[in-house]
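A look at the structure
Here is how the chains run, residue by residue.
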Number of protein chains: 2
Amino acid sequence: MQPLPNKSHRATGRVTLSDVARAAGVSPSTVSRALRGERAVDPALIERVTAVSRMLGYVPDPAARALASQRSDHVAILIPLLSNALFVDLLDAAQTTLRAAGYQTLMGVTHYDASEEEQLLREQLLHRPAGLLVTGLDHNPATRKLMASSQVPCVHLMDLPAIGQHDEAHCVGFRQTDAGAAMTRHLLSKGYRRIAFAAAQLDPRVMQRLYGWRNALQEAGLYEPTLEWLNPAPSSLALGGVLFEQIMQQSPSVDAIFFCNDDLAQGALMAALRLGIAVPSQVAIAGFNDLTGSDQMLPTLTSVRTPRARIGEAAAQMLLTLMRGEEPSSPQLDLSFEIVQRQST
Amino acid sequence: MQPLPNKSHRATGRVTLSDVARAAGVSPSTVSRALRGERAVDPALIERVTAVSRMLGYVPDPAARALASQRSDHVAILIPLLSNALFVDLLDAAQTTLRAAGYQTLMGVTHYDASEEEQLLREQLLHRPAGLLVTGLDHNPATRKLMASSQVPCVHLMDLPAIGQHDEAHCVGFRQTDAGAAMTRHLLSKGYRRIAFAAAQLDPRVMQRLYGWRNALQEAGLYEPTLEWLNPAPSSLALGGVLFEQIMQQSPSVDAIFFCNDDLAQGALMAALRLGIAVPSQVAIAGFNDLTGSDQMLPTLTSVRTPRARIGEAAAQMLLTLMRGEEPSSPQLDLSFEIVQRQST
DNA sequence: CTGTTAGCGCGTTCAA
DNA sequence: TTGAACGCGCTAACAG
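Remember, predicted model here, so these are calculated numbers, not experimental data.

Here, the residues flagged by UniProt with the feature "domain: HTH cro/C1-type" (unreviewed entry) are residues 16-49 of chain A. The span residues 16-49 of chain A is 68% helix and 0% strand, and its two end C-alpha atoms sit 13 Å from each other.

Here is the structure:
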């Protein structure tokens, strides 16, 4: 059956709920209930209403719906940066899942700035989002208060709370500390003894990887403060090269370097080629996140594969559950990580 | 002065326009006009209203505003992929500019699929966006019709129409054909004679670069169909390596390869290192877009620097002009490009 | 220049 | 289970 031409008498020319009601011979409220699948409505009616609305080409108006119900079809997502592929992958996966469920994604970029995050959240809450996705568990008090008082269901991405902390928070991710320790132990098992940790950006997750590395080295009795190379600048290939040169110059006895992110490690590999430093025979290099290109490097880069796409999707799924008013089977989902051993170690 | 506690008598507890009107002793419409900076309002009043609204902590409700005015504070942006840094840069810049002007960005990912683009546009138009940003000038008829009939101001990204075509369309970008030709002529000027063109994804902009390359070679009397290596698969470092190996095996006489995107070229450089093929002495390699890492390769990669961030920002600016009901000084803005000569050629 | 009136399109009471 | 009435918060058309 073809959609009929617009029979509305509205000034805007839109087909409205009332148009459907009139055509179906029922009240607007019934149409509203039927179309939203609210129970307590005659199955026969719901079928008739559905048919008529399809025939008329009726589509609900999100603004009207938001105004009346105090809840929009938006889901707000807060990520630190768009210049890090990690977060883009998260965004991509979450957005795809949410759209399939009929939600629009409102993205906010915090630039790792707590007060910008707060401001963004404030703006987004004005749109009365149906749900909220935020990166990490670390937020300033005002932000936490906003999230709590808004009553909007919220899922945290990437990170899992330390045991006994934030137990009520919904999150999907993996334990960054464990991942840092795991890679370090892997390097130890390969026989490396002077393992440096080189990091940039220094966001909370990077710091947790640092702690993991520290713990693992301390357990092995191999920790030394001079093995830490921390740089607060944004992460990049170029910076990786710079860090690599610094470390090789100032600590030539280092036999392995664990970079907190693959872009740094890739930059280090390129610098090694340039400087004629043999990897891994002279020094081993490991990265984190297993980003695009790491398997194409020379030598190919050992890294920690993190399931960012799956995190984005699973977090969106958990949020969908919460938005339906249900509880997920567990408030915390650990998607773990995987050591990818390649030629650079 | 501190914001007063909420004086609203509304069920929702929200401070509304009427609350401000009451407190200021004027009518709601006056408040509405004053706050939106509509002229034809007494300067004294607008000051009083502003003061009162700030004191009460009044914030307009976007949903109510959208319902009443038939226009939301959303701007929809359609891009092909989130897995290509090019489009993410575009998104980042546009989003930043738009947010500063008080607009929320609704992003849609088309996956280079014309019907998905159409469907996304349909969904987004339901939200009555104040403006529209789309990638490229190529859209299916239904999409073009939607854009036209919606009356929503629209700016096209990245591409400029061929002379005499789409003259009315608003766009910000550069001439892809010219860029392709410019790099080819640059290679010719360096003495290369058998210049292959290797491409993936094959979207309309890639094809235009191809035409530019073709024209330049034909002018020089050096064109041969066997120099074209087109692969419809998505672009990636790995694919660049594969293409490079193919070309070197099947056309060993090629002395330069122009890749349609830097990720392919970077992959080719890595493959060359792996295979022990000297770049540029045995074969030169050039890329396109000057993506992250191209200046860190070994050898560093010659490329075409494209002003994607500036395109995103300028397009957003042009859209802001259109949304104000004004006309930009010119409907088409050419931001050009730049050949970046590095070691690989 | 300002106020009054009338919606925008829908969800949500409450009665029936 | 259904319908009537009302309200969500704001803009727009018109009158003054």
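Below, the discussion takes up the protein's contact with DNA strand C. Around DNA strand C lies a shell of 28 residues, among which T12(A), L17(A), Y58(A), S29(B) and T30(B) are the nearest. Backbone sugar and phosphate groups make up 70% of those atoms of DNA strand C lying within 4 Å of the protein. Take D61(A): an N or O atom from its main chain is 3.3 Å from a phosphate oxygen of DNA strand C. In this structure, R65(A) approaches DNA strand C through a side-chain N or O atom, which is 2.7 Å from a phosphate oxygen. Counting residues per element, the ones that place at least two in the surface near DNA strand C are α2 (28-35) and α4 (62-69) of chain A together with α2 (28-35) and α4 (62-69) of chain B. A per-element tally of the surface near DNA strand C places α4(A) first, with four residues. Residue classes in the surface near DNA strand C are distributed as 11 nonpolar, nine polar and eight charged.

Let us look at the protein's contact with DNA strand D. Inspection of the region around DNA strand D gives 28 residues, with T30(A), T12(B), L17(B), S32(B) and Y58(B) positioned closest. Considering DNA strand D, the proportion of its atoms within 4 Å of the protein that are sugar or phosphate atoms stands at 72%. Residue T30(A) places a side-chain N or O atom 2.5 Å away from a phosphate oxygen belonging to DNA strand D. For DNA strand D, a phosphate oxygen lies 2.3 Å from a polar atom in the side chain of Y58(B). Contributions of two or more residues to the surface near DNA strand D are made by α2 and α4 of chain A together with α2 and α4 of chain B. Classifying every residue of the surface near DNA strand D gives 11 nonpolar, nine polar and eight charged.

A few words now on the UniProt feature "domain: HTH lacI-type" (unreviewed entry) in chain A. Within the UniProt annotation, "domain: HTH lacI-type" (unreviewed entry) is assigned to residues 15-69 of chain A. Regarding residues 15-69 of chain A, the helix share stands at 69% and the strand share at 0%, and the terminal C-alpha atoms are separated by 20 Å.

Let's shift gears to empty space enclosed by the protein. Per the stated rule, a full pass over the model turns up one cavity of 30 Å³ or more. In this structure, the largest cavity encloses a volume near 170 Å³. Lining of the largest cavity is provided by 17 residues; of these, A63(A), A66(A), H74(A), A63(B) and H74(B) occupy positions nearest its centre. Elements with a contribution of two residues or more to the lining of the largest cavity: α4 of chain A together with α4 of chain B.

Here we take up the environment of L335(B). All names here are of chain B. Within the element layout of this structure, L335 appears in the loop between β11 (332-334) and β12 (338-340). Note: C-alpha distance between L335 and A314 (21 residues apart in sequence) is 9.0 Å. Not counting residues up to four positions away in its chain, the partners in contact with L335 are V172, G173, P307, R310, I311 and A314.

Let us now look at the layout of surface pockets. Taken as a whole, the second largest pocket spans an internal volume of roughly 1,400 Å³. Those elements giving two or more residues to the lining of the second largest pocket turn out to be α6 (114-126) of chain A together with α1 (17-24), α2, α4, α5 (85-100), β2 (104-109) and α12 (308-323) of chain B. If you tally residues by element for the lining of the second largest pocket, the top one is α4(B), at six residues. Per-class residue counts for the lining of the second largest pocket are 19 nonpolar, 13 polar and nine charged.

Okay, the sheet that holds strand β8 (residues 256-259) of chain A next. All names here are of chain A. Reading across from one edge, β7-β6-β8-β9 is the order of the four strands in this open sheet, with parallel pairing throughout. In the strand order of this sheet, the two ends are held by β7 (228-231) and β9 (284-286), each with one partner. For this sheet the average axis-to-axis angle between neighbouring strands, irrespective of direction, equals 15°. Against the sheet, helix α11 (residues 262-275) contacts β6 (195-200), β8 and β9, and its axis sits at roughly 155° relative to β9.

To continue, consider the sheet that holds strand β8 (residues 256-259) of chain B. All names here are of chain B. Ordered in space as β7-β6-β8-β9, the four strands form an open sheet in which the pairing is parallel. Edge strands, defined here as strands with exactly one partner in the open sheet, are β7 (228-231) and β9 (284-286). Recorded for the sheet is a direction-independent mean angle of 15° between the axes of neighbouring strands. Sheet analysis places strand β6 (residues 195-200) next to β7, joined by four bridges and oriented parallel. The residue bridging A200 from the neighbouring strand is N231, located in β7. Across the sheet, helix α9 (residues 204-219) touches β6, β7 and β8, and the angle it forms with β6 is around 170°.

Quick look at the relation of the copies chain A and chain B now. Note on the copies: chain A fits chain B at an RMSD of 0.1 Å, the axial shift is 0.0 Å, and the rotation between them is 180°. Each copy turns onto its partner about a two-fold axis. For chain A, the smallest separation between a C-alpha atom and the rotation axis is recorded for A63(A), amounting to 2.5 Å. Looking at the interface residues of chain A, 100% of them are also at the interface in chain B, so both copies use one shared face.

Applying the stated criterion across every chain yields a total of 12 aromatic pairs over all chains. Between W213(A) and Y223(A), the ring centres sit 5.8 Å apart and the planes meet at 70°, which makes this aromatic pair edge-to-face. Of this pair, W213(A) sits in helix α9 (residues 204-219) while Y223(A) sits in the loop between α9 and β7, and the two are 10 residues apart along the sequence. Classification of W213(A) as buried rests on a relative accessible area of 0%. Taking the centre distance of 6.4 Å and the plane angle of 75° together, the rings of F87(B) and Y112(B) count as edge-to-face.

Cut-off values and rules
- Residues numbered from 1 in each chain as written.
- Chains lettered and ligands numbered in written order.
- Predicted model: local features only at pLDDT ≥ 70, side-chain atom pairs only at ≥ 80, totals over all residues.
- Heavy atoms only, no water.
- UniProt positions renumbered as here; feature names shortened; annotations may be inferred.
- Helix = DSSP H or I, 4+ residues; strand = E, 2+ residues; numbered from the N terminus.
- Near = heavy atom within 4 Å.
- Polar contact = N/O pair within 3.5 Å; in protein donor to acceptor, adjacent residues only side chain to side chain.
- Nonpolar A, V, L, I, M, F, W, Y, C, P; charged D, E, K, R; others polar.
- 1 Å grid on protein atoms, 1.4 Å probe; cavity = no way out; pocket = protein on both sides within 12 Å on 5 of 7 lines; lining within 4 Å.
- Points joined across faces, edges and corners; volume = space filled by probe spheres on them.
- Contact = heavy atoms within 4.5 Å.
- Pairing = 2+ DSSP bridges.
- Axes fitted to C-alpha atoms, helices over the stretch in contact; angles between N-to-C directions.
- Least-squares fit on C-alpha atoms with pLDDT ≥ 70 in both.
- Phe/Tyr/Trp six-rings, centres within 6.5 Å; stacked < 30°, edge-to-face > 60°.
- Buried < 20%, exposed > 50% of the residue type's maximum accessible area, 1.4 Å probe, protein only.

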